[in-house]
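An overview of the molecular structure
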Amino acid sequence: MYLQATVLTLLAWFVGLFLDANLDWQPKGSLCFTTLFPLLTMGLCILKAIKENGGKRE
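Bear in mind that the values here come from a model prediction, so they are computed numbers and not experimental data.

Topic: helix H1 (residues 2-22)
- For H1, which comprises 21 residues, the first-to-last C-alpha distance of 30 Å matches the rise-based estimate of 30 Å (1.5 Å per residue) to within 8%.
- Those residues of H1 not exposed but buried are Ala 5, Thr 9, Ala 12, Gly 16 and Asp 20. One side of H1 holds all its buried residues, which, seen down the axis, span an arc of 70°. Residues of H1 that are exposed and angled more than 90 degrees away from the buried face: Leu 3, Leu 11 and Phe 18.
- Where H1 is buried, its residues touch helix H2 (33-53).

Quick word on H2
- The end-to-end C-alpha distance of H2, which contains 21 residues, comes to 30 Å, matching closely the 30 Å that a straight helix rising 1.5 Å per residue would cover.
- Looking only at H2, the buried set comprises Phe 33, Pro 38, Thr 41 and Cys 45. Across the axial projection of H2, the buried residues extend over an arc of 115°, all falling on one side. Facing away from the buried side of H2 by over 90 degrees, the exposed positions are Leu 39, Leu 47 and Lys 51.
- On its buried face, H2 is in contact with H1.
- Immediately beyond the C-terminal end of H2, within one or two residues, lies Gly 54, with a positive phi of roughly 75°.

Calculation rules
Residues numbered from 1 in each chain as written. Predicted model: local features only at pLDDT ≥ 70, side-chain atom pairs only at ≥ 80, totals over all residues. Heavy atoms only, no water. Helix = DSSP H or I, 4+ residues; strand = E, 2+ residues; numbered from the N terminus. Expected span 1.5 Å × (residues − 1). Buried < 20%, exposed > 50% of the residue type's maximum accessible area, 1.4 Å probe, protein only. Arc of directions from axis to C-beta. Contact = heavy atoms within 4.5 Å.

Structural data, given as structure tokens:
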């Protein structure tokens, strides 16, 4: 689960980097997709892990 979350978060960061650099928005990078997408991805991975465990603590 940790490896999957790490890989997906890095992938989301690269997607955000690509979009921040290539969207015609002034000033460049002000949309902060490089921060938004990894945070959303990690949050979804955490919610998925909680759902799979049934809310039980390890």
